[in-house]
Amino acid sequence: MTRLLWCTLPLLLFLPSITTAQPQILASFNASDSPWLPTQNKRLISPSRTFTAGFLPSPTSSGSFIFSIFYTSFNNTVVWSSAPVSSSSSLSISPSGVLSLNNTSWTVPSTSPPNPQLTLSDSGDLTFANWSSFKFPTDTILPEQIIPPTGKTLVNGNFSLVNATSLVFGPNDSYWSFTNSVALLNLTSGGSLMFQDGSSLIAADVDAPNRLRRLTLGPDGNLKVYSAAPGSGNWTVVWRAIQERCTIHGTCGTGMICATIDGYDDFNCLCPPGFDRDSDGQSCRRRIPLTPADDKFLRLDFVSFADGATPLSDPSALNFEGCRSYCARNASCVAFGYKFSGSQSCMLNTRLVNGYWSPATELATFLRVSRRESATSNFTGMSTMLETTCPVRIRLPVPRSDSNSTTWNLAIICSLFAVELLAGDRPEARPSMGKVAKMLEGLVEITEPGRPTIFYLNEEE
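All values derive from a computational prediction rather than experimental measurement.

Caption draft 1: Region of interest: the overall build of the chain. Check the secondary structure of the chain and you find four helices and 33 strands. The contacts of the chain with a sequence gap of at least 6 include a subset with a gap of at least 24, amounting to 49%. Counting every atom, the chain has about 24000 Å² of accessible surface; 54% of that belongs to carbon and sulfur.

Take a look at the structure:
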């Protein structure tokens, strides 16, 4: 019997070390509960237990803690947080009624009667006397929370929502705004985004019952509405401000091109031809330095560095050749962009920032490189040249009486498109509708047009 007890005793001694202690649950926090240390397993719970407040390990600072509000059933989904503090810090309420978190500037004097308390509501609002966490959001807005209309409304790393209207990278690099720059008012419990002028945007699951929702500025710089069924453990994005990740500034470094592969989060940061990754791996630098009168342009289809560009308004440089010549004559021009849409849009780049690839740009960027550069462009997709052999006779077959009229209509549309394409960006070259009708009847021969301006290109110049 003695031997059996001796063998069992070591096992009993180890049991506490493998048993997870239950947290101490608080309905409120007051002076008598002070101090609250980060290492203490305490939790402040809302009445319905939807939200919890307490110390969590900092995700960005090893050995530090953040006092946070989070969804109880989503322990990693923080909706409000303090600055990181050390393990020796504490949350406390002084006898005179001042709430403070050591090692931070968070100090809240009380203007309420004696014995003020820190409480957490079912809406996720942490309150102490007249102070409310809803008035000082970090990166998340909860349903029915009124959004501060001025200043940095939300902040996540280098990204911020400013004046409840614009997404900004760094100090002042704005890359997206709500329509007409109308300030956002709040997120409703039903999943609508309400604005100061009474307009609204709706999420994909608007008015779906029994949903937890939040509006969050993520570390990727995008503003999203998330929705989840309580207890599901999964958040679903039901609205996002920006559909193309690569258009968010700061996604890739200086000189890089962001290229989407498959889906919002699947992208690569690539160096353009003639460039290599810098030693930090976060930017690209030119392989061969530029020298005067020893350069050429490489064409990058559907690539835009428009955020480092200036639109050119000089009428003499509005066609492609004029745009190219204007850049070639300016030593500060490192690239130029041209829109092949007939709009004669010329953009001059003095720096290569926030580059991205997307067919939606309708733009080709012509990158200035050394003439000794042997790299070729791997960003292709547009027609390099339109070669037209003329004269061209357009004659439509007379449809049989039993033919489908759809085929005839399609042929007419294609013919009209051909006429428009040959005219290019010169309105005076477009024939009258009477002449077009004769072309379609085969009564008029189309004389050779000039080479369309929008397709004129020589990459080696």
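Caption draft 2: Spotlight on the sheet that holds strand β18 (residues 192-195). Read across the sheet, three strands follow the order β17-β18-β19 without closing on themselves; strand pairing throughout is antiparallel. Among the strands making up the open sheet, the edge pair consists of β17 (184-187) and β19 (200-202). Shown here is a sheet whose adjacent strand axes are inclined to one another by a mean of 20°, direction ignored. In this sheet, β18 lies alongside β17 in antiparallel orientation, the contact comprising three bridges. Among the inter-strand pairings, Leu-184 is bridged to a residue of β18, identified as Phe-195.

Caption draft 3: Expanded view of helix α2 (residues 320-328). Phe-320, Gly-322, Cys-323, Arg-324, Ser-325 and Cys-327 are the residues of α2 that are buried. Residues of α2 that are buried in the fold lie against β27 (295-301), β30 (335-339), β31 (345-349) and β33 (363-370).

Caption draft 4: Region of the structure containing the pattern of salt bridges. Enumeration over the complete set of coordinates arrives at 11 salt bridges. Between Arg-211 and Asp-205 there is a salt bridge whose closest N-O contact spans 4.0 Å. A residue is classified by how much of its surface remains accessible, and Arg-211, at 37% relative accessible area, is partly exposed. Asp-205 gets classed as buried once you look at its relative accessible area, which sits at 14%. Several salt bridges converge on common partners, so that one network encompasses Asp-205, Arg-211 and Arg-213.

Caption draft 5: Examining the pairing of strand β24 (residues 267-270) more closely. Relative to β24, strand β23 (residues 257-260) is paired through four bridges, and the arrangement is antiparallel. Bridging from a neighbouring strand, Ala-259 pairs with Asn-268 of β24. Connecting β23 to the next strand, β24, in antiparallel fashion are six residues, including Gly-263 with a positive phi near 95°.

Caption draft 6: Structural view of the nonpolar core. The biggest cluster of nonpolar side chains holds 31 residues, and the ones touching the most others in it are Phe-67, Leu-91, Leu-118 and Leu-126. At the level of secondary structure, the elements contributing two or more residues to this core comprise β3 (51-57), β4 (65-71), β5 (78-81), β6 (91-93), β7 (98-101), β9 (118-120), β10 (126-128) and β21 (223-228). The biggest single contributor to this core is β4, with four residues.

Caption draft 7: Structural view of the pairing of strand β20 (residues 212-217). Among the six residues in β20, six count as buried, and that is most of the element. Of the two faces of β20, the one carrying Leu-212, Arg-214 and Thr-216 and the one carrying Arg-213, Leu-215 and Leu-217 are both buried. In this sheet, β20 lies alongside strand β12 (residues 140-141) in antiparallel orientation, the contact comprising two bridges. Within the sheet, the bridge partner assigned to Ile-141 lies in β20 and is Leu-215. In the sheet, β20 pairs with β21 via six bridges, with the strands oriented antiparallel. By the bridge assignment, Leu-215 is partnered in β21 with Val-225. Between β20 and β21, which pair antiparallel one after the other, the connecting turn spans five residues, and Gly-221 there sits at a positive phi close to 85°.

Caption draft 8: Local environment of the environment of Thr-310. Tracing the sequence through the fold places Thr-310 in strand β29 (residues 309-311). Each C-alpha atom of the pair Thr-310 and Gly-337 lies 9.7 Å from the other, and the pair is 27 residues apart in sequence. Setting aside anything within four residues of it in sequence, one finds Thr-310 in contact with Cys-346, Met-347 and Leu-348.

Caption draft 9: Representation of the confidence of the model for the chain within the structure. With 75% of its residues at a pLDDT of 70 or more, the chain has an overall mean of 80. Segment residues 383-396 is flagged for pLDDT under 50; beyond a separation of four residues in sequence, or across chains, it makes 36 contacts in the model. Confidence drops under pLDDT 50 across residues 450-461; counting only partners more than four residues distant or on other chains, this segment forms 37 contacts.

Caption draft 10: Seen up close, the packing of aromatic side chains. Scanning the entire structure with this criterion turns up 21 aromatic pairs. Taking the centre distance of 4.6 Å and the plane angle of 35° together, the rings of Phe-51 and Tyr-71 count as tilted. Taken as a pair, Phe-51 in strand β3 and Tyr-71 in strand β4 lie far apart in primary sequence, 20 residues in all. Phe-51 sits in the buried class, given a relative accessible area of 4%. A residue is classified by how much of its surface remains accessible, and Tyr-71, at 2% relative accessible area, is buried.

Caption draft 11: Geometry of the side chain of Arg-214. Note that Arg-214 resides in strand β20. It is Asp-139 that comes nearest to the buried, bridge-free Arg-214 among opposite-charge side chains, at 6.9 Å. At 2.9 Å, the side chain of Arg-214 and the side chain of Thr-216 are in polar contact. Not counting residues within four places of it along the chain, the set of residues in contact with Arg-214 comprises Tyr-71, Thr-77, Thr-140, Ile-141, Leu-142, Leu-187, Lys-224, Val-225, Tyr-226 and Trp-235.

Caption draft 12: Here's a closer look at the sheet that holds β5. Taken together, the five strands give an open sheet; going across it, the order is β1-β2-β3-β4-β5, and neighbouring strands pair in mixed fashion. A strand with exactly one partner marks an edge of an open sheet, and here the two such strands are β1 (24-26) and β5. The sheet shows a mean angle of 30° between the axes of neighbouring strands, direction not considered. Across two bridges, strand β2 (residues 42-45) lies against β3 in antiparallel orientation. Each residue of the ladder has a partner; that of Ile-45, found in β3, is Thr-52.

Caption draft 13: Quick peek at the state of the cysteines. For the structure on display, the rule yields five disulfides. Cys-252 shares a disulfide with Cys-269; S-S distance 1.9 Å. An S-S torsion of about -80° defines the bridge between Cys-252 and Cys-269 as left-handed. Remark: Cys-269 occurs in strand β24 and Cys-252 occurs in the loop between β22 (236-240) and β23; sequence separation between them is 17 residues. What makes Cys-252 buried here is its relative accessible area of 11%. The buried category is assigned to Cys-269, whose relative accessible area is 19%. Across a sulfur-sulfur distance of 1.9 Å, Cys-323 and Cys-346 are joined as a disulfide pair. What sets the handedness of the Cys-323 and Cys-346 disulfide is the S-S torsion sign, and at about 80° it is right-handed.

About the criteria used
Residues numbered from 1 in each chain as written. Predicted model: local features only at pLDDT ≥ 70, side-chain atom pairs only at ≥ 80, totals over all residues. Heavy atoms only, no water. Helix = DSSP H or I, 4+ residues; strand = E, 2+ residues; numbered from the N terminus. Contact = heavy atoms within 4.5 Å. Areas by Shrake-Rupley, 256 points an atom, 1.4 Å probe, with all protein chains shown as cover. Pairing = 2+ DSSP bridges. Axes fitted to C-alpha atoms, helices over the stretch in contact; angles between N-to-C directions. Buried < 20%, exposed > 50% of the residue type's maximum accessible area, 1.4 Å probe, protein only. Salt bridge = Lys/Arg side-chain N within 4 Å of Asp/Glu carboxyl O. Core = buried A, V, L, I, M, F, W, Y, C linked by side-chain atoms within 4.5 Å. pLDDT = per-residue confidence, 0-100. Phe/Tyr/Trp six-rings, centres within 6.5 Å; stacked < 30°, edge-to-face > 60°. Lys, Arg positive; Asp, Glu negative; His and termini not counted. Polar contact = N/O pair within 3.5 Å; in protein donor to acceptor, adjacent residues only side chain to side chain. Disulfide = S-S within 2.5 Å.

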